[in-house]
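# Per-entry structural report
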Amino acid sequence: MVVESGARPGLTLAAVAVVQFMVSLDLSVVNVGLPQIAAGLGFSAVGLTWVIHAYALTFGGLLLLGGKAADRYGRKPVLMLGLALFALASLAGGFAQEPGHLIAARAAQGIGAAALAPAALALLTTTFPAGKARVRAFGTWSATNAAGGALGVLIGGLLTEYAGWRWVMFVSVPMAAGALALTWRAVAAGPPPARGGRPDVLGAVLATAGMTLLVFGVVRTDQYAWTSPVTVTTLAVAVVLLAAFVHVERTTAREPLIRLGLFANRWVAGANAFNLLVGAAMAAAFYFASLYLQRVLGTGPALTGVEFLPFALGVVAGSVLAVKLGYRLAPRTLLVIGGLLTAAGLAWFGLISSDGAFVTDVLGPSIVASVGFGLCLGPVVSTATAGVAPHETGTASGLLNSSRQIGASLGLAALGTVAHNRTGQSVTPETLNDGYALGLSLGAVLLLGAILIALTVLRRVNPSARAEQADDRVSLSARD
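Parameters and conventions
- Along every chain, residues carry numbers that run from 1 in the direction the sequence is written.
- Selection of residues for local features in this predicted model requires a pLDDT of at least 70, selection of side-chain atom pairs for listing and counting requires 80 or more, and totals for whole chains, interfaces and linings are taken over all residues.
- Values shown for side chains rest on all heavy atoms present in the structure; no hydrogens or waters enter the calculation.
- In this text, helices come from DSSP runs of H or I with a minimum length of four residues, and strands from runs of E with a minimum of two, each type numbered from the N-terminal end.
- With a 1.4 Å probe rolled over the protein chains alone, any residue whose accessible area is under 20% of its type maximum counts as buried; one over 50% counts as exposed, and the rest are partly exposed.
- Residues count as neighbours in contact if any of their non-hydrogen atoms are within 4.5 Å of one another.
- Residue-level accessible areas treat just the shown protein chains as cover; the underlying method is Shrake-Rupley with a 1.4 Å probe.
- Helix axes are fitted to C-alpha atoms over the stretch in contact, other axes to C-alpha atoms as well, and angles between N-to-C directions run from 0 to 180 degrees.
- Relative orientations are named as follows: roughly parallel for angles under 35 degrees, roughly antiparallel for angles over 145 degrees, roughly perpendicular for angles from 65 to 115 degrees, and oblique for any other angle.
- Any Lys or Arg side-chain nitrogen found within 4 Å of a carboxyl oxygen on Asp or Glu counts as a salt bridge.
- Here a crossing is called left-handed whenever its near helix is offset anticlockwise from the far helix by less than a right angle, and right-handed whenever the offset is clockwise.
- Gly is put with the polar residues, along with every residue not named as nonpolar or charged; the nonpolar set is Ala, Val, Leu, Ile, Met, Phe, Trp, Tyr, Cys and Pro, and the charged set is Asp, Glu, Lys and Arg.
- Scored from 0 to 100, pLDDT reflects the predictor's confidence in each residue.
- For patch building, the residue pool is restricted to those with more than 30% relative accessible area and no salt bridge; the joining distance is 9 Å between like charges and 5 Å between nonpolar side chains (Val, Leu, Ile, Met, Phe, Trp, Tyr).
- By convention a nonpolar core is built from buried Ala, Val, Leu, Ile, Met, Phe, Trp, Tyr and Cys residues, the set being connected through side-chain atoms within 4.5 Å.

## Some words on the overall build of the chain
Within the chain one finds 18 helices and zero strands. Residues classed as buried in the chain amount to 57% of the 480 residues present. Looking at the chain alone, contacts between residues at least 24 apart form 85% of all its contacts between residues at least 6 apart. Carbon together with sulfur atoms contributes 68% to the accessible area of the chain, which is approximately 18,400 Å² in total.

## A closer look at the packing of helix α3 (residues 50–73) against helix α4 (residues 75–94)
Where α3 meets α4, the closest approach of the two axes is 8 Å, and the angle between their N-to-C directions is 150 degrees. Considering their axes alone, α3 and α4 lie roughly antiparallel with respect to each other. Where α3 abuts α4, its residues Y55, G66, A69, A70, D71 and Y73 lie against R75, P77, V78 and F86.

## Quick notes on the pattern of salt bridges
In total, this model carries one salt bridge according to the counting rule given. R106 is paired through a salt bridge with D26; the nearest N and O atoms lie 3.3 Å apart. Residue R106 is located in helix α5 (residues 99–127), and its partner D26 is located in helix α1 (residues 9–28); the two are separated by 80 residues in the primary sequence. Here R106 falls in the buried class, since its relative accessible area comes to 0%.

## So, the packing of helix α11 (residues 266–296) against helix α17 (residues 429–456)
In contact at an axis separation of 9 Å, α11 and α17 are set at 165 degrees when each is read in the N-to-C sense. As judged from the angle between their axes, α11 and α17 are roughly antiparallel. Both α11 and α17 take part in a crossing whose hand is left-handed. Grouping the constituent residues of the contact of α11 with α17 by class yields 21 nonpolar, six polar and two charged.

## Some remarks on the confidence of the model for the chain
For the chain, mean pLDDT is 82; residues scoring 70 or higher make up 88% of the total. Ignoring residues within four places in sequence, the model shows residues 1–6, a span with pLDDT below 50, making 11 contacts including any to other chains. Contacts for the low-pLDDT stretch residues 461–480, under 50 throughout, to residues beyond four places or in other chains number 15 contacts.

## Quick look at the environment of A96
Following the sequence through the fold, A96 ends up in the loop between α4 and α5. Sequence separation between A96 and R166 is 70 residues, and the spatial gap between their C-alpha atoms is 8.2 Å. The contact partners of A96, leaving out residues within four places of it in the chain, are L41, H101, L102, W165 and R166.

## Focus: a nonpolar patch on the surface
Residues L158, Y162, L303 and V306 make up a contiguous nonpolar surface patch of roughly 400 Å² in combined accessible area. Elements supplying a minimum of two residues to the nonpolar patch: α6 (131–162) and α12 (301–307). Tracing the chain through its elements places L303 in helix α12.

## What to know about the nonpolar core
Counting residues in each nonpolar core, the largest one holds 120 residues, and the members touching the most others are L102, L124 and L346. Top contributing element to this core by residue count: α11, with 18 residues. Filtering out sequence-adjacent residues up to four positions away, L346 remains in contact with A281, M282, A285, A369, L440, S441, G443, A444 and L447. Core analysis: the second largest hydrophobic core is formed by eight residues, M211, V215, V218 and V219 among them.

As structure tokens, this is what we get:
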């Protein structure tokens, strides 16, 4: 396989790294500022979670459409369009005056991210198709992905305390502008994109609406019981919309949002199922840990951000370690090891107490969970995209990102609801601690499910090695 003509691998990797850092940053930068955002705009306790859901759902729900657009219209133009929209939405969010304004801005950020993230990852996949260069490239991608997510908490805390919560939105504006300039200069235009049928916009709308209603129904169980007509109707409509999405994908005359046969590839199916569960556990863990530090231990936003630094460094260390081990161990092995460490860290986190302290209750589990999480990031991306046909790399990349974001929203909705129910009506440090501890413990259970998927669905053969062997056979046939 040959790198695209005119591509400059080093600069392309730099551009993709900046983009991924920014996208990951925006997933976590608002977490520490949530109490201040609630006070400043008047969010309710349940409504506050939609600051996260609005981004995660539009991001996850439209990623497949973004990946398809990258395949059809070209990765560079789609990447640049997404960056421009992301910058404008971030600016609008910083000036929000009401809860609805901020939620709308976060949803627009998610739309921009849904365009730029799969385009960036597809560029990485085609620029580094195989071999050690691919391992190093995905290691760099996973390190910046991890650093953005983890350092977002630190940056969010410092900005919230010393500049105001609005700067957790404004901070993305110069980053998006810088990434746009770097993409313009560094990324090659690439070959003319394939012009197939028109992308299936209806499918994207059905998928996003179905997932949004599903999350909405779960979140609202704090007011309406699971068996109430409101909850049953909401969840039933969500299921109908998702079933309609599958039907449209199978029968549409347009180019399907995703070729359902892609899931017949066990690497794609297994990696995305693993990714969904990890995303669910880690999004909830970030949320609970941030609130535990501030609402139970009484830590300020800036110090909370600083206390997330060990987690950030641990994820980066795990990502670097995955590169070193990736030359000798199969991706599945790294996923199992990483999953076990992350599950152990969250189970340890579940032992938090209302009279605890950072050193005794947070530091140790943060390090264990973060190193394990870092070990998973690169291998799951490489697994889910290796061996996929070149014209479907954007779709496969979008699918992988989508599974993580949808998992994050579903995990936060489900575990957040369980934690809220455990806390009850009497909100004290003790009752809040009980709710957060239960949510963190259930996150460990989700990770055990991810490990089981890695063990049963993913075989021992390295998909990258299989792809290289296939390329070698093609080359030999051409010589003959």
